[in-house]
Amino acid sequence: MKRLCLFLLAAAAVAQSPAHQPPGTAATAVAQSPANQPRGTAATAVAQSPAHQPRGTAATAVAQSPAHQPPGTAATAVAQSPANQPRGTAATAVAQSPAHQPPGTAAAAVAQSPANQPRGTAATAVAQSPAHQPPGTIVVDASEFYDAIPEGDNMGGGGPGNSNPGWLFNNSVLTLGAEEDAVARIAVPEAGAYRLFVRAQGAAGSGFRVNVGGALAEGVFGTGPMAWSPSSTFELRKGTVEIRLTNIHPRATLNVIVLSRNPDFTEEDLRPLELPEEVHLLKDYKIPPASIIKFGDVDGDGRPDFLVLTPNYSAYMYNNDGKELWHWDAPEQDSRLRGEFEAPGSLWDFDQDGYAEVIHWRIIDGKEWLVMADGRTGAIKHKVPWPTPPMPHVYNNFRTAIAKFHPGYADNLVVFTDSGGLISVTAYDRDLNQIWQHAEKRKKDFFGHYVYPVDIDGDGIDEVLVSHLCLDSKGNQIWNNYAIFDDNHDHMDAMEFFDLDGDGKPELITGQSDVGALAYRAQTGEMLWQNLADHTQQITAGYILKDMKTPQVVAGGRVYAPRGGGGLAAWLYWFDNHGNLLFKWPRNPLNGNPNFVRGDWYGDGTRQFFWHRFKLGGDGKGTLFFKETVYHMFDFLGNGAEQVITWDRNVMRVYGYKDVKPKVVKRDSEYLRNSVANHTHY
Ligand SMILES: [Ca+2]
Ligand SMILES: [Ca+2]
Ligand SMILES: [Ca+2]
Ligand SMILES: [Ca+2]
């Protein structure tokens, strides 16, 4: 989806045609737009055909949970993500992790934030290193060169010469695609004689040299297969030293540099030093190639289980131990069409018996069904026809989310379908009885990629947002923005709800493709500000930068086909709460299609932010924290903190703060809904 937006640029200007729609085709009652709506709202059914546009690539997305989550809430499942993402992480199932070994050092001691810190004050973080730093040894992984990454270099994946099936320290590389020097500045905790070691690979004709603190080291690195090369010894003073990769002949690849007072330091000595000391690998699941992963407790043991939906819409249900409980295989028919987009599904305990049900798409006897299945067995509890015109059709955006349309426990379901010409939002009760439907003839993606049930006016009942349209709990329109953004390419890719102006009410912050980053008054749809941020795909907001009293908005700006490598790249645009650009990070986009996740990593009540494989610091820069890109974040362990879930192809891992002090935190159903189940992958 997101990528499609790209070619859209071109097309951008296509008109739209709200024109005529035969009202009243509605499937069931309600919905439909109130009278005087600007152009093309209303009505229901009808199909149209946007002629599926050739989207460029697969889709990836990321999301985050609507609405800021009340700290201290609840527990179970959700999440999801897009399909096959071409992100460029090199080696996938590489090594494993950190067998921690606290050599008692500290160089990288993570500062923790004192309990009640005014938000914003972001954990006083002391400088962090993306690796353990045992006494007498400085580990400089490739990510330390990302901050000032030259245009043309990348972090691996997606280009010739980058594939490496073997172990990579931190699963992290710098591929030198440009001749410009790559530079990192590192801390030397104590003066002394340090021997340089370089782990790099390359091919005939490639290579680079290393300059430490202004002195050139012996040897040329990155000239052949991956090699661990001891080099010169340097007398270093305590303080900061510059490491410069120079005399570059592309495309050599740096994996890691070590400066050690131990002249016999070996490659094997590196193995236990991966990732920052505070990062603990907690779970490591092998999963089928996934389109999306959803979380929820289906077996009632209090621990989140997970549903893997494949690009074909097949469903595999696993318990918390990673044991398959059941699966349902989708037929081959139209699997290519389905595979271009994220698969729809949710886990939620609709009947409150303590066992989450599985909502997903099935095809039975040639017909498409919306199914609510017993999460333990896959047996169908309820099923109704999938709310879209009969096949054949396409599967542009099929999504599900849990909504709350009445006081008490949230047990409504909303289903969003963009099946080629007709886009609809359909609401159901806990038994899959349809409550209302809102449908419009619209071009692909006009309403974005996700449906967001969020209580924007604070009355305890959800409103429903799909891109430029906000509906109330009965399906009636509250506002729309069609007059401003009538082109389907201007859809909202990602939505975040956050109180930017401190009045206690959430604003709607969106990543809106080529329109950039925008903020709206969520209650009325009034636009507050807009600023460009490349092709804005993901967005978040919070008190992240140190010493800033007002919140920031951070947008992931996508760049297409970066520098020779092809594929996608992204960087961060930091804005103040009025939309003024503060700065960008890093110096050039990094390849990948990364998400934001955020949550209480330390279990101290402060919200930490992560993007791609990095934790964002109070200076707006990222420190590599994980071997894969982040996907979701919630209290997976039930220990009072929130853990980061990463996902890369067929590997899903859960990482947490190593020194968390476990505590019982009551996670209510709204936590489960907002922070676990309704997570989106944008
Ligand atoms: Ca469970
Ligand atoms: Ca149940
Ligand atoms: Ca409301
Ligand atoms: Ca506000």
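Above this text you will find the structure in question.
Every chain is numbered on its own, with residues counted from 1 as its sequence reads. Both sets of labels track the order of writing: A upward for chains, 1 upward for ligands. Totals for whole chains, interfaces and linings use every residue, but because this is a predicted model, local features are given only for residues with pLDDT of at least 70 and side-chain atom pairs only at 80 or more, for both listing and counting.

Engineer: What's the story with the overall build of the protein in this structure? I'm lost.
Structural biologist: Across its full length, the protein holds 4 helices and 41 strands. Expressed as a percentage of the 682 residues in the protein, the buried residues total 57%. Here the contact rule is simple: place C-beta atoms from the backbone, and any two residues whose C-beta atoms are within 7 Å are in contact. Pairs at least 24 apart in sequence give 64% of the contacts found in the protein among residues at least 6 apart. Working definition: helices are DSSP H or I runs of at least four residues, strands are E runs of at least two. Numbering for both runs from the N terminus. Any residue surrounded by 20 or more other C-beta atoms within 10 Å of its C-beta is treated as buried, while 12 or fewer makes it exposed and the intermediate range makes it partly exposed; C-beta atoms here are placed from the backbone.

Engineer: I'm lost on the environment of aspartate 600 in this one. Help?
Structural biologist: Its location among the elements puts aspartate 600 in the loop between β35 (596–599) and β36 (608–611). Overall, the presence of 23 C-beta atoms within 10 Å leaves aspartate 600 in the buried class. Remark: the alpha-carbon pair of aspartate 600 and phenylalanine 634, spanning 34 residues in sequence, is separated by 8.1 Å.

Engineer: Please explain the sheet that holds β36 as it appears in this structure.
Structural biologist: By way of backbone hydrogen bonds, the strands of a sheet pair with one another, either parallel or antiparallel. Pairing is antiparallel in the open sheet, where 4 strands are placed in the order β35-β36-β37-β38. Only two strands of the sheet have a single partner each, and these edge strands are β35 and β38 (622–624). Averaged over all adjacent pairs, the angle separating strand axes in this sheet is 30 degrees, with direction ignored. Note: two strands are recorded as paired if DSSP finds a minimum of 2 bridges between them. Strand direction decides the pairing type here: strand β37 (residues 614–616) and β38, joined by 3 bridges, are antiparallel. Bridge pairing links phenylalanine 614 to leucine 624 in β38. Whenever a helix is involved, its axis is fitted only over the stretch in contact; in every case the axis is a line through C-alpha atoms, and angles between N-to-C directions fall within 0 to 180 degrees.

Engineer: Got a minute to help me understand the nonpolar core in this structure?
Structural biologist: Side chains that are nonpolar tend, in soluble globular proteins, to be buried together. A set of buried Ala, Val, Leu, Ile, Met, Phe, Trp, Tyr and Cys residues, joined to one another through C-beta atoms within 7 Å, is what we call a nonpolar core. Grouped together as the largest cluster of nonpolar side chains are 165 residues, with contacts concentrated most on Val414 and Phe610. Counting residues per element, this core draws most heavily on strand β33 (residues 568–575), which supplies 8 residues. Discounting chain neighbours no more than four positions away, the residues touching phenylalanine 610 are Phe596, Val597, Arg598, Lys615, Leu616, Phe625, Val630 and Val644. Core analysis: the next-biggest nonpolar cluster, separate from the first, contains 5 residues, Tyr602, Ala641, Tyr657 and Val660 among them.

Engineer: Explain the pairing of strand β34 (residues 581–591) to me, please; I cannot follow it from the model alone.
Structural biologist: Moving residue by residue along a regular strand, the side chains alternate between the two faces of the sheet. The pairing of β33 with β34 spans 6 bridges and is classified as antiparallel. Bridge pairing in β34 places alanine 570 opposite leucine 590. Between β33 and β34, which pair antiparallel in sequence order, lie 5 residues; one of them, glycine 579, sits at a positive phi of approximately 90 degrees.

Engineer: It is not clear to me how helix α4 (residues 669–677) should be interpreted in this structure. Could you clarify?
Structural biologist: For an α-helix, 3.6 residues make a turn, and residues three or four places apart therefore share a direction. For α4, the tally of buried residues reaches 8 of 9 residues, placing the bulk of the element in the interior. Burial in α4 covers these residues: Ser669, Tyr671, Leu672, Arg673, Asn674, Ser675, Val676 and Ala677. The inward-facing, buried residues of α4 contact β11 (292–296), β15 (345–348), β19 (397–403) and β39 (630–634).

Engineer: Even after reading the chapter, I still don't get the sheet that holds strand β14 (residues 324–328), so can you show me in this structure?
Structural biologist: Pairing in this open sheet of 4 strands is antiparallel, and the strands run β11-β12-β13-β14 from one edge to the other. Whereas interior strands pair on both sides, the edge strands pair on one side only; in this sheet they are β11 and β14. Each neighbouring strand pair of the sheet contributes to a mean axis angle of 15 degrees, computed without reference to strand direction. As defined by bridge partners, strand β13 (residues 315–318) adjoins β14 across 4 bridges and the pair is classed as antiparallel.

Engineer: Help me out: how do you make sense of unusual backbone geometry in this one?
Structural biologist: Backbone geometry follows two general trends: most residues other than glycine have a negative phi, and most peptide bonds adopt the trans configuration. Looking along the chain, the bond that leaves proline 250 and enters arginine 251 is cis, with omega of 0 degrees. Across the junction of methionine 391 and proline 392, the peptide omega takes the value 5 degrees, indicating a cis bond. If you trace the backbone, proline 392 turns up in the loop between β18 (380–385) and β19. Positive phi, normally seen in glycine, also occurs at aspartate 445, with a value near 75 degrees. Summarising the element assignment, aspartate 445 is placed in the loop between β22 (434–442) and β23 (452–454).

Engineer: Explanation requested: the environment of histidine 449 in the structure shown.
Structural biologist: Here histidine 449 lies in the loop between β22 and β23. Given 29 C-beta atoms within a 10 Å radius, histidine 449 is considered buried. Residues histidine 449 and histidine 491, spaced 42 residues apart in sequence, show a C-alpha to C-alpha distance of 8.5 Å.

Engineer: Looking at this model, I keep getting lost on the environment of proline 387. Mind explaining?
Structural biologist: Relative to the helices and strands, proline 387 is located in the loop between β18 and β19. Judged by the 22 C-beta atoms lying within 10 Å of it, proline 387 falls in the buried class. Here the alpha-carbon distance between proline 387 and alanine 427, two residues 40 residues apart in the chain, equals 9.8 Å.

Engineer: For this particular structure, what's the right way to read the pairing of β13?
Structural biologist: Along β13, one buried face is formed by Ala315 and Met317 and the opposite face, lined by Tyr316 and Tyr318, is buried too. As judged from the 4 bridges shared by strand β12 (residues 305–309) and β13, these two strands associate in the antiparallel manner. Across the sheet, phenylalanine 306 pairs through a bridge with tyrosine 318, a residue of β13. With antiparallel pairing between neighbouring strands as the criterion, β13 and β14 make up a hairpin whose turn holds 5 residues, including glycine 322 at a positive phi of roughly 90 degrees.

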